[in-house]
Amino acid sequence: MINVTKTFLPPKNEYDEILNDVWATQWLTNRGKLVLELETKLKSYLDVSSVLITSNGTVPLQIAVKILGENSEIITTPFSYVATSAAIIWENCTPVFVDIHPDYFTIDETKIEAAITSKTKAILATHVFGNPCDVETIEKIAQKHNLKVIYDAAHCFGVKYKQKSIFEYGDVSTVSFHATKLFHTAEGGALFCKDEKLFQKLYYSHNFGHKGELDFYGLGINGKISELQAAMGLAVFPYLDYILDERKKVVEYYNANLDKNKIKKIQLRENTTWNYSYYPVVFNNETDLLNVQTHLNKVSIYPRRYFYPSLNTINYINKAEMPISESISSRILCLPLYVGIKESELEQIVAVINKSLCL
Ligand SMILES: *Cc1c(COP(=O)(O)O)cnc(C)c1O
């Protein structure tokens, strides 16, 4: 069976070795030695001004929305994983969708201003598949209208825009270290924030609002990660360059061998150093997609329909028409991409797709 992704597992003995520290200190959570070590390593690898590791990639979104959104309207993208809109609604804010750009698949910055009302407090946009939003234009709009900017950068581990980590853009940026993501701690994530005062608030919020043992800054939640998960991150960490190289090879294979006349690919934003996190292909119509999916499934190959359905069509969300997002959503399929996928498997995937498109 070939799935859309396969978790990279480090050699078990290397994980065990790190776990020995946990047994030695008998310290399992509450920002232990391993979490702090992983933060230090990530800060330097990613070249970011701050990093706070969290229990997953959704809680930091919720914390950021709670602090910056203040029960208001938040402008967001319909083309993302459900966690993006769910974080807004869960925190009693209202998502206001703005359609996406047909080539970049990120929020269409030219349509943001028309969606701003007196109730708008923030923009929450996703750098889809590691492809950056137009961060400069969004920054200008935010300054002009006094809005905060949160980026769901769940897919962006290692991505740079104009030589700078993508996590450095916006007021707060979040990433996911879920097992299906490029760098993982089984479950986990992180948030990034350049403003020291805001970072401090986010930090307190992820630890029940504690400001010291008896003092509270305010309301908080539990967004901490355990030492066991940090150990996984530390065991994966030395393989990062290898992971990126291997993924790049797979992407290059698809680029060279898929029938380009029948599919469209994501357009990466200029000045982006990408991380090869996903391989999305867009078909001419949904029938072609379903046809390709059926033929792949028949030989136990399971690509995934990321992102489908378009979030504005989900039952508990206020309906709004987002024609570009709905159209891309219905035609996009992410192909298997992971370390260790064999060349013979890639050959098979490409052959099935090219052949299905000629039927
Ligand atoms: C994976 C993902 C999340 C959620 O991350 P978790 O770590 O699973 O909570 C949020 N947004 C996007 C776009 C994602 O792909």
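Residues numbered from 1 in each chain as written. Predicted model: local features only at pLDDT ≥ 70, side-chain atom pairs only at ≥ 80, totals over all residues. Heavy atoms only, no water.

(A) Molecular detail of the sheet that holds strand β2 (residues 52-54). The strand order across the open sheet formed by 7 strands is β2-β10-β9-β6-β5-β3-β4, and the pairing between neighbours is mixed. Pairing within the sheet leaves two strands with one partner each, and these edge strands are β2 and β4 (94-97). In this sheet, neighbouring strand axes are inclined to one another by 25 degrees on average, regardless of whether the strands run parallel or antiparallel. By the bridge criterion, 5 bridges tie strand β5 (residues 120-126) to strand β6 (residues 148-152) in an arrangement that is parallel. Looking across to β6, one finds that I123 is bridged to V149. Packed onto the sheet, helix α6 (residues 196-206) meets β2, β9 (172-176) and β10 (189-192) and runs at close to 25 degrees relative to β2. (Pairing = 2+ DSSP bridges. Helix = DSSP H or I, 4+ residues; strand = E, 2+ residues; numbered from the N terminus. Axes fitted to C-alpha atoms, helices over the stretch in contact; angles between N-to-C directions. Contact = heavy atoms within 4.5 Å.)

(B) Structural view of the site of the ligand. Close contacts around the ligand come from 13 residues, with T58, D152, H155, S176 and K181 the closest. Between the ligand and the protein, one listed contact pairs an oxygen atom with a backbone N or O atom of G57 at 2.8 Å. In isolation the ligand offers 380 Å² of accessible surface; the protein chains occlude 91% of this area. When atoms are counted within 2 Å of each cavity's grid points, the one that captures over half of the ligand is the largest pocket. A class-by-class count of the residues in the shell around the ligand yields 3 nonpolar, 8 polar and 2 charged. (Near = heavy atom within 4 Å. Polar contact = N/O pair within 3.5 Å; in protein donor to acceptor, adjacent residues only side chain to side chain. Areas by Shrake-Rupley, 256 points an atom, 1.4 Å probe, with all protein chains shown as cover. 1 Å grid on protein atoms, 1.4 Å probe; cavity = no way out; pocket = protein on both sides within 12 Å on 5 of 7 lines; lining within 4 Å. Sits in = over half its atoms within 2 Å of the grid points. Nonpolar A, V, L, I, M, F, W, Y, C, P; charged D, E, K, R; others polar.)

(C) Region of interest: the layout of surface pockets. Volume-wise, the largest pocket comes out at about 730 Å³. Contributing to the lining of the largest pocket are 40 residues, with Y81, T180, K181, Y278 and Y306 lying nearest its centre. Here the residues of the lining of the largest pocket are counted per class, giving 20 nonpolar, 14 polar and 6 charged. Both domains that meet at the lining of the largest pocket, namely domain 1 (2-238) and domain 2 (240-358), each give it at least three residues. (Points joined across faces, edges and corners; volume = space filled by probe spheres on them. Domains from an automatic or database assignment.)

(D) Region of the structure containing the environment of Y203. In this fold, Y203 is placed in helix α6. Put simply, Y203 and I328 are 125 residues apart on the chain and 37 Å apart in space, counted from C-alpha to C-alpha.

(E) Molecular detail of a nonpolar patch on the surface. A surface patch of nonpolar side chains, amounting to about 330 Å² of accessible area, comprises W23, L28 and L228. Within the secondary structure, L28 sits in the loop between α1 (12-25) and α2 (33-46). When its relative accessible area of 44% is taken as the criterion, L28 is described as partly exposed. (Patch = residues over 30% accessible without salt bridge, like charges linked within 9 Å, V, L, I, M, F, W, Y side chains within 5 Å. Salt bridge = Lys/Arg side-chain N within 4 Å of Asp/Glu carboxyl O. Buried < 20%, exposed > 50% of the residue type's maximum accessible area, 1.4 Å probe, protein only.)

(F) The arrangement of the packing of helix α3 (residues 59-69) against α6 in detail. Where α3 contacts α6, the two axes come as close as 10 Å, and the packing angle between them is 125 degrees. Comparing the axis directions of α3 and α6 gives the class oblique. With respect to the hand of their crossing, α3 and α6 are arranged in right-handed fashion. Taken together, the residues of α6 that come into contact with α3 (itself represented by I63, A64, I67 and L68) are L198, K201, L202, S205 and H206. Taken together, the residues of the contact of α3 with α6 sort by class into 6 nonpolar, 2 polar and 1 charged. (Parallel < 35°, antiparallel > 145°, perpendicular 65-115°, else oblique. Left-handed = near helix turned anticlockwise from the far one by under 90°.)

(G) View of the domain arrangement of the protein chain. Taken domain by domain, the protein chain holds domain 1 (2-238) and domain 2 (240-358). Relative placement of domain 1 and domain 2: their C-alpha centres are 24 Å apart. Residue-level contacts link 49 residues of domain 1 with 51 residues of domain 2. Contact between domain 1 and domain 2 buries roughly 4,500 Å² in total, counting both sides, with carbon and sulfur atoms accounting for 65%. Looking only at domain 1, the three residues that lose the most surface to domain 2 are I2, V4 and F129, adding up to 20% of its buried area. Run the count over domain 1 and domain 2 and you get 1 salt bridge. Taking the shortest distance from any N to any O, the salt bridge between K264 and D103 comes out at 3.3 Å. Taken together, domain 1 and domain 2 are joined by 24 residue pairs in polar contact (both at pLDDT 80 or more). (Buried area = accessible area lost by both parts, 1.4 Å probe.)

(H) Fine view of helix α5 (residues 135-145). If you check which residues of α5 are buried, you get V135, I138, I141 and A142. Seen from one end, α5 has its buried residues packed into an arc of 125 degrees, which puts them on one side. In this structure, α5 carries K140, Q143 and K144 as exposed residues pointing more than 90 degrees from its buried face. Downstream of α5 by a residue or two, N146 has a phi angle that is positive, lying close to 60 degrees. (Arc of directions from axis to C-beta.)

(I) Layout of the packing of aromatic side chains. Within this structure, the stated rule accounts for 20 aromatic pairs. Taken together, a centroid distance of 6.2 Å and an interplanar angle of 65 degrees make the contact between F157 and F177 edge-to-face. Taken as a pair, F157 in the loop between β6 and β7 (160-161) and F177 in the loop between β9 and β10 lie far apart in primary sequence, 20 residues in all. Neither F157 nor F177 differs from the other in exposure class; each is buried. A ring pair is formed by F177 and F183, whose centres lie 5.0 Å apart and whose planes are at 85 degrees; its orientation type is edge-to-face. Given a relative accessible area of 1%, F177 falls into the buried group. (Phe/Tyr/Trp six-rings, centres within 6.5 Å; stacked < 30°, edge-to-face > 60°.)

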